[in-house]
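Summary of structural features
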Amino acid sequence: MENVKTKTRQKTRNHEKLNLRHFISSRQNNSLESRVQGFYLWLETLKKERELNYHRLVNSAPGREVLVRDFHSGKDVRLKMFASNNYLGLANHPYVIEQVLKAIKKFGIGLGGPALLNGYTSLMKELEERISDLKHQEETMIFSSGYNTNLGLLQALVRKDDFVVYDELSHASFYDGLKLSGASAKSFKHNSVEGLEEILRKQRSKIKGQIFIGVEGVYSMDGDLSPLPEIIECAQRYDALLILDDAHGTGVIGNRGSGTAEHFGLSTEVDISMGTFSKAFSMTGGFLSASKELVSYMRYFARSYMFSASLPPSMLAAVIAGLDIMEREPWRQEKLQDLLSYARKKFSGFKLAAYPEAAIIALSAPSWMDIRKANYKLYKHGVFVNAVEYPAVPIDQQRFRISLMADHSKSDIDFLVDAITAVWNDPSLEKNHSKF
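For the structure given in this document, a descriptive report is provided here. The numbering scheme is per chain: residues are counted from 1 as the chain's sequence reads. For a predicted model such as this one, the threshold for reporting local features is a pLDDT of at least 70, and the threshold for listing and counting side-chain atom pairs is 80 or more; totals across whole chains, interfaces and linings nevertheless cover every residue. The basis for every side-chain value is the complete set of heavy atoms in the structure, and neither hydrogens nor water enter the calculation.

**Points about the pairing of strand β8 (residues 272–276)**
Buried residues dominate β8, accounting for five of its five residues. With burial as the criterion, each face of β8 is covered, one bearing I272, M274 and T276 and the other bearing S273 and G275. When DSSP finds two or more bridges between two strands, those strands count as paired. Per the convention used, a helix needs a DSSP run of H or I reaching at least four residues, while a strand needs a run of E reaching at least two, with both numbered from the N terminus. Examined bridge by bridge, strand β7 (residues 241–245) and β8 share three bridges and lie parallel to one another. Looking across to β8, one finds that L244 is bridged to S273. As defined by bridge partners, β8 adjoins strand β9 (residues 286–290) across four bridges and the pair is classed as antiparallel. When the sheet's bridge partners are listed, S273 is paired in β9 with S289. Exposure is judged per residue with a 1.4 Å probe applied to protein chains only, and the accessible area is read against the type maximum: over 50% gives exposed, under 20% gives buried, and values in between give partly exposed.

**Quick look at the side chain of S220**
By the secondary structure assignment, S220 is in the loop between β6 (211–216) and α9 (228–237). Contacts of S220, omitting those with residues within four sequence positions, involve H248, I360 and R401. Between two residues, a contact is recorded if the distance between any of their heavy atoms is within 4.5 Å.

**Thoughts on helix α16 (residues 410–424)**
Given a rise of 1.5 Å per residue, 15 residues ought to cover 21 Å, and the 21 Å separating the end C-alpha atoms of α16 matches this to within 8%. Within the span of α16, buried status applies to D412, I413, L416, V417, A419, I420, V423 and W424. Mapping the buried residues of α16 onto a view down its axis gives an arc of 160°, with all of them on the same face. Looking at the buried residues of α16, the elements they touch are β2 (76–81), α14 (331–346), β10 (360–364), α15 (371–380), β11 (383–384) and β13 (399–403). A helix's residues, less one, multiplied by 1.5 Å, set its expected span. This arc is taken over the directions from the axis of the helix to the C-beta atoms.

Structure representation (structure tokens):
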């Protein structure tokens, strides 16, 4: 028994020197047992060193302040929330809660099956029609998640003889959907219209099927917008179908919160618009808006739609209520943009990954900084932000991802900037060279 304990302690000591990059590269070909045990020991080490910044237990509604359970003391700590995609503050809006309760009383808590067979309700029909109106499209279909929307979209529409060209910063769900499609695909440098056109020019004569172009409206890791006017022009020139993932633009920019295409005055020029209800609407679920013919086809060929249970009435009602609030309280979107303008000025002395135009500020971590220790320091200063580290981003592009909400105040932003300034000036956060 003592030998087992000694070996475990030795493994833990070895993992103290291990970072995620080394873990992935060194154990790629190891057995499942070795990978699972090794990763568990590594996580336990992070907990002990107060460097584990994930799966934090939140014991309150996701407003501008939240109660978070401290891993070590077991007590709740009040933090300023700058990590939630609850951009419009709808997650705990009284009207949303009221409409959800009404829907539960009328429709119950679930539908017990997929929409194609036994889960299509008047609430879903209403939501589809209102999203179609918001996105200036003929028809919409609702998926169980944004992730499943991209999977179903690419699996159903794209065939092996088609060609997909997409921005290198496209969401993981887009990459996984491409794998399911089996089609040839190539990425272009982020937001490079020249790179996109160069690929299309070289590949055009080789493509037997349909060309698809995949971009996002607002990129989640950088917070910048797609150069949509130029990309639409390129898509039309090469007879390509444009897929716009507007998860982070919907509700935030454009007239009535219509999104990125509306922001540029190009709503009717997008072939396929998709997004999620997990950002501005603060729920779960996804949507795809396009022509009636395409959506009708998708309802019968998108496997992630056909074989997933419908969103429960409570979630459908919550999104519909969110649309009501967007129409009745346009000041929320206006205030969000005002806060963003204020935050841009306050962060002018820091390095940003990109110029923020929606509700995301990607603050680049200095090359000398241990990002995990820095995030714990921010926590101690009373701030909840997301540290985005490798492999989510390249090692030299680690950053803190800050999300703004309409519920925030300018004094909240001042508080955030003061905390970050203190952390940026803390010499104890210099990297240990045994870590990345």
